[in-house]
Amino acid sequence: MAPKLTSLQRRRIRTRKALKAAGKLRPRLSIFRSSKNIYAQVIDDARGVTVAAASTLEADFRKAGKSGADKAAAGRIGKLLAERATKAGVKDVVFDRGGYLFHGRVKALADGAREGGLNF
């Protein structure tokens, strides 16, 4: 018998299925949001490699003493991720919101990534 999936897991699977059909040639900007931090990475699914990553747990981000659970922090992480991705040669990505609503910290991270130079 198959294990029961939570509603977040079902939404995540449904979102990824649509993204794989739409953006076969572009890397995926995937996010994970917890109650205290936010994590983002650009993944090249064709090669199975993480191209760039950023999170609020990094040492230079933690030194500032700011919280990782607000929209301002998510925006800074989006800009940082965009800088790292452009250094790696990635400009166009597909945004994978990971089953979360496109609202609040998720939207702030997306806006920061767009300001940093990523296209999606």
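All values derive from a computational prediction rather than experimental measurement. (Residues numbered from 1 in each chain as written. Predicted model: local features only at pLDDT ≥ 70, side-chain atom pairs only at ≥ 80, totals over all residues. Heavy atoms only, no water.)

### Notes on the nonpolar core
Part 1 of the argument: By size, the foremost hydrophobic cluster in this structure holds 24 residues, and its most contacted members are Leu29, Ile31, Val42, Leu81, Phe95, Leu109 and Leu118.
Part 2 of the argument: Listing elements by their share of this core, those giving two or more residues are strand 1 (28-33), strand 2 (38-44), strand 3 (49-55), helix 3 (71-87) and helix 4 (105-116).
Part 3 of the argument: Among the elements that line this core, the one with the most residues is helix 3, at 6 residues.
Part 4 of the argument: In this structure, Val42 is in contact with Pro27, Arg28, Leu29, Val49, Thr50, Val51, Ala52, Leu81, Ala85, Val90 and Val93, ignoring residues within four places of it in sequence. (Core = buried A, V, L, I, M, F, W, Y, C linked by side-chain atoms within 4.5 Å. Buried < 20%, exposed > 50% of the residue type's maximum accessible area, 1.4 Å probe, protein only. Helix = DSSP H or I, 4+ residues; strand = E, 2+ residues; numbered from the N terminus. Contact = heavy atoms within 4.5 Å.)

### Some details on the packing of aromatic side chains
Part 1 of the argument: Enumeration according to the criterion identifies 3 aromatic pairs in this entry.
Part 2 of the argument: Centre to centre, the rings of Phe95 and Phe120 are 5.2 Å apart; their planes meet at 10°, and the pair counts as stacked. In this pair, Phe95 is assigned in strand 4 (residues 94-96) and Phe120 in the segment after helix 4, connecting sequence segments 25 residues apart.
Part 3 of the argument: Phe95 sits in the buried class, given a relative accessible area of 13%.
Part 4 of the argument: Since its relative accessible area comes to 27%, Phe120 is described here as partly exposed.
Part 5 of the argument: Through successive ring pairs, a cluster of aromatic residues spans Phe95, Phe102 and Phe120. (Phe/Tyr/Trp six-rings, centres within 6.5 Å; stacked < 30°, edge-to-face > 60°.)

### What to know about the sheet that holds strand 2
Pairing between the strands of a sheet is mediated by backbone hydrogen bonds and can be parallel or antiparallel.
Part 1 of the argument: Overall, mixed pairing links the 4 strands, which are arranged 3-2-1-4 in an open sheet. The strands lining the two open edges of the sheet, one partner per strand, are strand 3 and strand 4. Here the strands of the sheet are splayed against their neighbours by 20° on average, with no regard to which way each runs.
Part 2 of the argument: Bridge count for strand 1 against strand 4 is 3 bridges, and the pairing is parallel. Along strand 4, the bridge assignment pairs Arg28 with Val94.
Part 3 of the argument: Strands strand 1 and strand 4 of the sheet are contacted by helix 1 (residues 7-22), whose axis makes an angle of about 175° with strand 4. (Pairing = 2+ DSSP bridges. Axes fitted to C-alpha atoms, helices over the stretch in contact; angles between N-to-C directions.)

### Examining a positive patch on the surface
Part 1 of the argument: Positive charge collects at one region of the surface, where Lys4, Arg10, Arg11 and Arg14 lie side by side.
Part 2 of the argument: One can find Arg10 in helix 1. (Patch = residues over 30% accessible without salt bridge, like charges linked within 9 Å, V, L, I, M, F, W, Y side chains within 5 Å. Areas by Shrake-Rupley, 256 points an atom, 1.4 Å probe, with all protein chains shown as cover. Salt bridge = Lys/Arg side-chain N within 4 Å of Asp/Glu carboxyl O. Lys, Arg positive; Asp, Glu negative; His and termini not counted. Charge placed at Lys NZ, Arg CZ, Asp CG, Glu CD.)

### Overview of helix 3
Part 1 of the argument: If you check helix 3, its first and last C-alpha atoms are 25 Å apart, about what 17 residues at 1.5 Å a residue would give, namely 24 Å.
Part 2 of the argument: Regarding helix 3, the residues found buried are Ala73, Ala74, Gly75, Ile77, Gly78, Leu81, Ala82 and Ala85.
Part 3 of the argument: Against strand 1, strand 2, strand 3, helix 2 (59-63) and helix 4 lie the buried residues of helix 3.
Part 4 of the argument: Phi turns positive, to about 95°, at Gly89, one or two residues after helix 3. (Expected span 1.5 Å × (residues − 1).)

### Observations concerning the pairing of strand 1
Part 1 of the argument: Across 6 bridges, the pairing between strand 1 and strand 2 is antiparallel. Bridge pairing in strand 2 places Phe32 opposite Tyr39.

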